[in-house]
Every structure is written in structure tokens, then in C-alpha cells.
Amino acid sequence: MSPRVLIVGAGPVGLAAAVSLRLQGVPVTVVDKAASPHTHPKAVVLWPRALEVFDGLGVADRLETEGHPLTGQHYHSNGTRVASLTFRRLRHTKYRYALAIPQHTTERVLRERLSALGGSIRTHTELTGLRQDADTVTTTLADLDTGTTREETYDWVIGADGVHSSVRSATGIGFEGHTYEQTFLLSDGPCDTGLATDSAHYFMTDTGVLVMVPLPDKQWRAFISAPREIPEGEALVDTVARVVSQRSPVPVRFLDGHAAGRFRIHRKAAERVWQGRVFLVGDAAHAHSPAGAQGINTGVEDATSLAWRLGGICRGSVPTADSERVFTQWSDERHQVVENVLRDTDLQTRLWGVRGFRRRLRDAALYGAERTGLLDRVVIPRQTQIVQRFSPGPGQGRPKAVGVLRSHARLPNVEIPTDASAGTRLHDFLSPTEPVAIEFDPAGTPGHHTKVRHAAAGGAGLDVVSLSGPALRSALGISRRVTCVVRPDGIVAELTPDTAGKGAGTT
Ligand SMILES: Cc1cc2nc3c(=O)[nH]c(=O)nc-3n(C[C@H](O)[C@H](O)[C@H](O)COP(=O)(O)OP(=O)(O)OC[C@H]3O[C@@H](n4cnc5c(N)ncnc54)[C@H](O)[C@@H]3O)c2cc1C
């Protein structure tokens, strides 16, 4: 019998884990305490890296159809533009834009995909308890329709149950950090405004921040730090509309049909994301400011970077004896990602609110970063999560780099000039289930690539893709043969330059 996997929470992160496991043929049970899908205003921006992940799950095209592309961001300080950045200069990805799309739409697309893959969600079912031993996890699930509870046993449990995670508390994992003092308000709906609809707009003022994000169907997300005083009895949407018109130098008039919300933000992380047979992903593992829009994006990567590893154990392609090593690597990598996300989102949140000389310093830094190209080279790749580099763990060797290829880093999704069919990119060769070896030979016959299966000693074998031709020199910056072993999540696990050759150096 296949190992049994329970996913608690059918938000975007639990759904991404479920789709990824179903794509590998692994059966999953998904429960959610909600009776029906929510329609609250939550995350609205998907970055290019998340779109790459969603491409691997087979939903990126659908999301693109339903979303609204954003080509950049403009930063204003007290009415003056201090910097603009464009995603158009992103390199080595096919997504040179961000996608504005309401979270409930993303969730609907994922639910439909899960259903097409034979999966389903047990709604109105709440996890209320959990205990584990070396071999199983025993869960207590409450059926909120009938008011009954029952125990069910699983081999693995993924906690994707949000910031107040029951899986986390039942496993006894701490959630350390703090809650910011500032309250934020938001409203989604149609607006009459001359603001450009191809970009997000940040207005940092001495009375607080305003972020305006254009959404599909001529709607807008208006996001504000709450003003110090709100007249008693004022409707939330009226407060947001009033503050928006004060902080935006371009007139914005709210039209009928807005949905408003109020929320506090946290900077918190689970002390562990893996304990025995239980994993934490998404908001259950980390909660941070929406500055930089990292929540849903980081969460779906938590989920899919776990799912191919867990899938390998469940399918038997990775021996169970290796699970300790496999999940240690996963949790080490997620720890590195979460540290960076917490630091970046905290910095951005603090920068929104600075006053006096600090404001002038911030504005000068933003202005300088745009002029010197720092925004393009460093900030945008980091915010869009296109740059992913991990510090190798024990026994993984030192990082290596040849041209644009790096070990323990995302494989650049370069268009392959040697391929006969136009538009083929490196990520097209990745497998959702197993690592793939890609051999690059810039001295070989142009346009040739083959796919053969080599049986690795004692292992399940490795697909080997051979790409050759001098055009690889300019596309990848290499001048000799290089072989990469690339994981299903697009991270280069091993990079082996041909030591007999000459040319691009290894660092
Ligand atoms: C106002 C706002 C704006 C945001 N903007 C952005 C943005 O622009 N970009 C971005 O990346 N992120 C943004 N975020 C963050 C983003 O919404 C979250 O990171 C995201 O929802 C996390 O997804 P998740 O699946 O981990 O958790 P959730 O979306 O919280 O889903 C958890 C699910 O678990 C279920 N559940 C909970 N407890 C149980 C239980 N005991 N048993 C069964 N089911 C349970 C819940 O019903 C829910 O369906 C924003 C958040 C807010 C609130």
C-alpha cells in the first residue's frame, strides 16, 4: 500500500503540495476546516519564481489568463518619484513580469488542477489533535458538519494550516518573533484613477504608506498603514478611500463594490519546519509583513520543494533510510530562505515609515540604487525570488560556478539556441519527480540534443540530456563541457566541469 499523506489546510500552499504530490502519482488526503472557499482580499502578487513553480504544476498558463501582468514598480516619497524598477530587465526566466491575481483565484485554479489529477478536499474537517511515533502519525479530525471526531493514521502530515497552525502547536513547535505595532488596512475594488495600470505604486508619506496595485478586471488593491485617528463610526472602506486620496498625488476615486479588511502583521518563524513525520509549510512556518509580497510566493516553494522529496520516499525511488538526510537538507534550505525573507520584509516595512533625515537618506539610497543599476542587479532578482542560492550542507562540497551555472543555486532558465524547436528553455528538460543530468558541450555539433537513460549503480537511473553547439558559449558563458545534475525544483545539485578542457573558470 502507498504511504498515506495528510495535508492539513487547502490554502494556496496546501493545494500546491497536493498538486505536486498528485503529479507524482502519490495519493493525498487534504482537509480544511472551512466549509467553502474564502473570497477575502489576501495576496495579490505572484513573482516570476512562483510562476515558474506553478508552470511545473501545470497551472501557470491558466493563471496568466486570469491575472494582470505588472512590468514594474514606482516609488514616491512625499509626492516625488524617487525610483522606478522594471521586471523587463530580468534575465534567464520566461517570466519577465509579476502577475497581479487575487489569492482566491489562484486557489480556485489550484483546486481545479487537483481535481483534474484525481484529488479532492474534505471540507469542514478540522485537525484538532496529533501525536506521532517512529512509524506513524495519529491525527484527530473533527467533522464540523456532524460534530463527530475520529482518529486517522497517516505516514506523513504536512501542516499548511496557516499562521495559527494547529499542526504546529500539536507538534509542540514554537513560533517565535513579534507582532508589529502598526495596523494596516486594505481595500480591493474598482477605482477611477489616472495611475498607470502596468505597475504597482508605492507612496511613502510622512503620515504613512499607500500601495496601489492594479488587478484584473479594472480593479485595484489599495493598501495603507492605518492613520493615527479614525473617526468613530467611519466605515472601513471610507477610511481607506479618504487616506488614499490624501497620500496619492494622482486622484483616486473609489467606485462601488469594494471589499475592505484590517490586519496586524508579524515577524515570526517556526523553530523547526520538520519534526519526525510532520512538516510545516507556508504561513504555518513563517509569518511576515506583506511588504515585498513574499508570503504566498515563499509558501508554494516550501511546499513544492518538500513534495518532490517526500514523493520520492513515498514512491520508493528514495530509500526510507535516506529520509533523515533528505529532510535535513530541505529544512536547512527553507531556514535560509525564511531568514532572508524575514530580514528583507522587515527592512522594507521599516523603510516605509522613516521620517526626517532618515527619510532623506532612504530616498537618496533608492535614487542612487536605480541610477547605479543596483535595483536591477540585486534588488529585483531577490524580490522576484529569481536568485536562489543555498549554502551547501555537510558533505555537499564547496559551491562551484561555471559561466552562469552555479551549484546549489537555481538553474538559469536560458533559451536553448541549439534546439530545433524555437522557444525551448532549460527548465523544459526538468522532471517533476527525479533529478536530471544535463551535459553542455559548446564544442559539439550544433543543434543536437538527445535524452537517454543511464542506469546509475544501484539506483533508479538518471535521465541525461545532452545539449551541444557553440551558441552555448554566449547563452551560458561556458567554453568547455559541463555537466549539471538538476533537482525537480530547478536547483543544481551538482556541477562538474570537464577538467580536461579550458576556458570558463570554476570558483
Ligand atoms: C491582507 C493580506 C495581503 C497579503 N498580500 C500578499 C501578497 O501580495 N503576496 C504574498 O505573497 N503574500 C501576501 N499575503 C500573505 C498570504 O496571503 C499568505 O502568505 C498565504 O495565504 C499563506 O498561504 P497558506 O496556504 O500557508 O495559509 P492560508 O492561506 O492561511 O491557508 C490555511 C488553510 O488552512 C485551513 N486551516 C487552518 N487550521 C486548520 C485546521 N486545524 N484543520 C484544517 N484546516 C485548517 C484554513 O481554513 C485555510 O484554508 C497577504 C496576506 C494578507 C492577510
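Residues numbered from 1 in each chain as written. Predicted model: local features only at pLDDT ≥ 70, side-chain atom pairs only at ≥ 80, totals over all residues. Heavy atoms only, no water.

What to know about the nonpolar core
To keep it simple, the criterion reads: We call a set of buried residues a nonpolar core when its members are Ala, Val, Leu, Ile, Met, Phe, Trp, Tyr or Cys and they connect through side-chain atoms within 4.5 Å of each other. Here's how the labels work: a residue is buried when its accessible area is under 20% of the maximum for its type, exposed when over 50%, partly exposed in between, all with a 1.4 Å probe on protein chains only. Contacts between residues were defined by any pair of non-hydrogen atoms, one from each residue, lying within 4.5 Å.
The biggest cluster of nonpolar side chains holds 65 residues, and the ones touching the most others in it are Val 5, Ile 7, Phe 54, Val 157, Ile 158, Phe 279 and Phe 327. If near-sequence neighbours (up to four positions away) are discounted, Phe 54 is found in contact with Leu 46, Val 59, Ala 60, Leu 63, Thr 106, Leu 110 and Val 300.

Notes on the site of the ligand
The test is simple: One heavy atom within 4 Å of a molecule or strand makes the whole residue count as near it. Polar contact is the term for a pair of N or O atoms within 3.5 Å; when the atoms are in protein, one must be able to donate a hydrogen and the other to accept it, and sequence-neighboring residues count only if both atoms are side-chain atoms. We get accessible surface area from the Shrake-Rupley algorithm with a probe of 1.4 Å; when it comes to residues, only the shown protein chains can shield them. Here a strand is any run of E in DSSP of at least two residues, a helix any run of H or I of at least four, and the numbering for each starts at the N terminus. Classification used: nonpolar for Ala, Val, Leu, Ile, Met, Phe, Trp, Tyr, Cys and Pro, charged for Asp, Glu, Lys and Arg, polar for all others including Gly. Where each domain starts and ends follows an automatic or database-derived domain assignment.
If you check the shell around the ligand, you find 30 residues, and the closest are Asp 32, Gln 103, Leu 186, Asp 283 and Ile 296. Here an oxygen atom of the ligand and a side-chain polar atom of Asp 32 are 2.5 Å apart. In the model, a nitrogen atom of the ligand is placed 3.0 Å from a nitrogen or oxygen of the Ser 166 side chain. For the ligand, the protein covers 87% of the area, taking 1,000 Å² as the surface of the free molecule. Mapped by element, the contributors of at least two residues to the shell around the ligand are α1 (12–23), β9 (125–132) and α7 (295–315). Counted by class, the shell around the ligand contains 13 nonpolar, 10 polar and 7 charged residues. Each of domain 1 (5–44 + 102–174 + 271–351) and domain 2 (178–264) gives at least three residues to the shell around the ligand.

Topic: the domain arrangement of the chain
What counts, and what does not: Buried area is a sum: the accessible area each of two parts loses on coming together, probed at 1.4 Å, counted once for each and added. Take a side-chain nitrogen of Lys or Arg and a carboxyl oxygen of Asp or Glu: if they are within 4 Å of each other, that pair is a salt bridge.
Partitioning the chain into structural domains gives domain 1 (5–44 + 102–174 + 271–351), domain 2 (178–264) and domain 3 (401–497). Averaged C-alpha coordinates put domain 1 and domain 2 at centres separated by 31 Å. Contact with domain 1, which involves 10 residues of that partner, is made by 14 residues of domain 2. Taken together, the two surfaces of domain 1 and domain 2 that pack against each other cover about 870 Å², and 69% of this comes from carbon and sulfur. The largest contributions to the domain 1 side of the interface with domain 2 come from Pro 41, Val 44 and Pro 290, which together make up 50% of the buried area. Across the contact surface, domain 1 and domain 2 share 0 salt bridges. At the surface where domain 1 touches domain 2, the tally comes to 2 residue pairs in polar contact (both at pLDDT 80 or more). In the side of domain 1 that touches domain 2, the residues fall into 5 nonpolar, 2 polar and 3 charged.

Section: the environment of Gln 246
Here Gln 246 lies in helix α6 (residues 236–247). Judged by relative accessible area, which is 54%, Gln 246 ranks as exposed. Spatially, the C-alpha atom of Gln 246 lies 9.6 Å from that of Leu 210, the residues being 36 residues apart in sequence.

Side note on the pattern of salt bridges
According to the stated counting rule, one finds 32 salt bridges in the structure shown. Arg 315 is the salt-bridge partner of Glu 434, the closest N and O atoms lying 3.1 Å from each other. In this pair, Glu 434 is assigned in the loop between β23 (405–406) and β24 (436–441) and Arg 315 in helix α7, connecting sequence segments 119 residues apart. For Glu 434, a relative accessible area of 21% puts it in the partly exposed group. Taking the relative accessible area as the measure of exposure, Arg 315 reaches 29% and is therefore partly exposed. Note that Arg 350 is salt-bridged to Asp 346, the shortest N-O span being 2.9 Å.

Section: the packing of aromatic side chains
Which entries qualify depends on this criterion: In this analysis, rings of Phe, Tyr and Trp, with Trp reduced to its six-membered ring, are considered paired at centre separations within 6.5 Å, and the interplanar angle assigns stacked below 30 degrees, edge-to-face beyond 60, and tilted for intermediate values.
Tallied over the entire structure, the rule returns 13 aromatic pairs. Both rings, one in Tyr 75 and one in Tyr 202, keep their centres 4.7 Å apart while their planes meet at 25 degrees; by these two values the pair is stacked. Residue Tyr 75 is located in strand β5 (residues 72–77), and its partner Tyr 202 is located in strand β14 (residues 199–205); the two are separated by 127 residues in the primary sequence. In this pair, the class of Tyr 75 matches that of Tyr 202, namely buried. Ring geometry for Phe 184 and Phe 223: centres 5.2 Å apart, planes at 15 degrees, overall stacked. Of this pair, Phe 184 sits in strand β13 (residues 175–193) while Phe 223 is found in strand β16 (residues 219–225), placing the two residues 39 residues apart along the sequence. This pair shows no difference in class: Phe 184 is buried, exactly as Phe 223 is. The rings of Trp 156, Trp 274, Phe 279, Phe 327 and Trp 330 are connected pair by pair, giving a single aromatic cluster.

Some remarks on a nonpolar patch on the surface
Selection criterion: Two distance rules govern patches: like charges are joined within 9 Å, and nonpolar side chains (Val, Leu, Ile, Met, Phe, Trp, Tyr) within 5 Å, applied only to residues with over 30% relative accessible area and no salt bridge.
There is a patch of nonpolar side chains on the surface, built from Leu 374, Val 378 and Val 379 and spanning about 210 Å² of accessible area. Within the secondary structure, Val 378 is located in helix α10 (residues 374–383).

Some points on unusual backbone geometry
In this model, His 124 sits at a positive phi of 55 degrees, which is unusual for a non-glycine residue. Note that His 124 resides in the loop between β8 (121–122) and β9. Although it is not a glycine, Asp 217 sits at a positive phi angle of roughly 60 degrees. For Asp 217, the position within the fold is in the loop between β15 (208–214) and β16. Asp 217 gets classed as exposed once you look at its relative accessible area, which sits at 68%.

As for the environment of Gln 388
Tracing the backbone shows Gln 388 in the loop between α10 and β22 (401–402). Residues Gln 388 and Ala 10, spaced 378 residues apart in sequence, show a C-alpha to C-alpha distance of 26 Å. Ignoring any residue separated from it by four or fewer positions in sequence, one finds Gln 388 in contact with Arg 49, Glu 301, His 408, Ala 409, Arg 410 and Ile 491. There is a polar contact of 2.5 Å between the side chain of Gln 388 and the side chain of Glu 301.

Quick look at the sheet that holds strand β11 (residues 148–154)
Our working definition: Two strands are said to pair when DSSP picks up at least two bridges between them. Here the axes come from fitting lines to C-alpha atoms, over the contacting stretch only for helices, and the angles between their N-to-C directions go from 0 to 180 degrees.
Overall, antiparallel pairing links the 3 strands, which are arranged β9-β10-β11 in an open sheet. Whereas interior strands pair on both sides, the edge strands pair on one side only; in this sheet they are β9 and β11. Neighbour-to-neighbour, the strand axes of the sheet open up by a mean angle of 25 degrees, direction not taken into account. Note that β9 and strand β10 (residues 137–143) share 7 bridges and pair antiparallel. Of the residues in β10, the one forming a bridge with Glu 126 is Ala 142.

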